[in-house]
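Close look at the chain arrangement
Here are the chains, one letter per residue:
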Amino acid sequence: MSDQEIEDFEVDNLSDTSRMIPGLPPYDMDDQLLPLEPRSTCCCWAWTLLIVATNSLVFLVNVLLVVTIFAVVLLPTIVVVYFGFQCHSRVLHSSAYYCKTVLDDNSSSALIILGFVIMSPLIVVAMAVYCSLARRLRLFLCFQPYARAVYKGVKWRWYEEGGLCSCAKEWSTQVKAWV
């Protein structure tokens, strides 16, 4: 085929719509998928330490929140089981006044059983409270990816959402969780 025939063939197969651009290119440079520039070794180590410290702090806040919520919610179970074990004659057999006058072995056994029976629903309640609070505070969005340390130009996750861990943004009331 000659060059003229090839050009005629290409022109005939193209339609008017195929020449149109399907959409406008993004005007913001951040929206484009550009290759990220790697950091230098020293800068990468410094950013890695910063991100590890940030993620460790967020992890400790989450652990502190879990421990606090579980301690408050499971306090009735802890108290009931403690008094049951403290006053039972085969376990600790305390000489406290309430053990001698109020609680005998049968009532101590009943307290131990009651404590372990109410523990399961209270664990579910504690976990639901923690998940609800963590979702409202958006604590899991505070964890930063390690790509932030390796490449330049990766933004902090909370920066785009309007505040530290999106706490400043209006809480989403559309999401519902059933336990």
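Remember, it's a predicted structure, so these values are computed and weren't measured experimentally. (Residues numbered from 1 in each chain as written. Predicted model: local features only at pLDDT ≥ 70, side-chain atom pairs only at ≥ 80, totals over all residues. Heavy atoms only, no water.)

With that out of the way, let us pick up the confidence of the model for the protein. Overall, the predicted model of the protein reaches an average pLDDT of 76, with 65% of residues at or above 70. Predicted confidence in the protein is weakest over helix α7 (residues 157-161), with a mean pLDDT of 54, and strongest over helix α5 (residues 105-137), with 93. Predicted confidence for residues 24-29 stays below pLDDT 50, and this span has 3 contacts to residues more than four positions away or in other chains. Predicted confidence is poor over residues 165-172, with pLDDT under 50, and the contacts of this stretch with residues over four places away or in other chains come to 15 contacts. (pLDDT = per-residue confidence, 0-100. Helix = DSSP H or I, 4+ residues; strand = E, 2+ residues; numbered from the N terminus. Contact = heavy atoms within 4.5 Å.)

In this description, a pair of aromatic rings is defined by centroid distance and the angle of the planes. Counting across every chain of the model gives 3 aromatic pairs. Centre to centre, the rings of Phe-83 and Tyr-98 are 5.3 Å apart; their planes meet at 85°, and the pair counts as edge-to-face. Placement of Phe-83 in helix α3 (residues 75-87) and of Tyr-98 in helix α4 (residues 97-101) is noted, with a sequence separation of 15 residues between them. Residue classification places Phe-83 among the partly exposed positions, given a relative accessible area of 29%. Ring centres 6.5 Å apart and planes at 85° place the aromatic pair Tyr-130 and Phe-140 in the edge-to-face group. Within this pair, whereas Tyr-130 is found in helix α5, its partner Phe-140 is found in the loop between α5 and α6 (147-150), the two being separated by 10 residues in sequence. (Phe/Tyr/Trp six-rings, centres within 6.5 Å; stacked < 30°, edge-to-face > 60°. Buried < 20%, exposed > 50% of the residue type's maximum accessible area, 1.4 Å probe, protein only.)

Over its 13 residues, α3 extends 18 Å from the first C-alpha to the last, a length consistent with the 18 Å expected when each residue adds 1.5 Å. Of all the positions in α3, only Thr-77, Val-80, Val-81, Gly-84, Gln-86 and Cys-87 are classed as buried. Where α3 is buried, its residues contact α4 and α5. (Expected span 1.5 Å × (residues − 1).)

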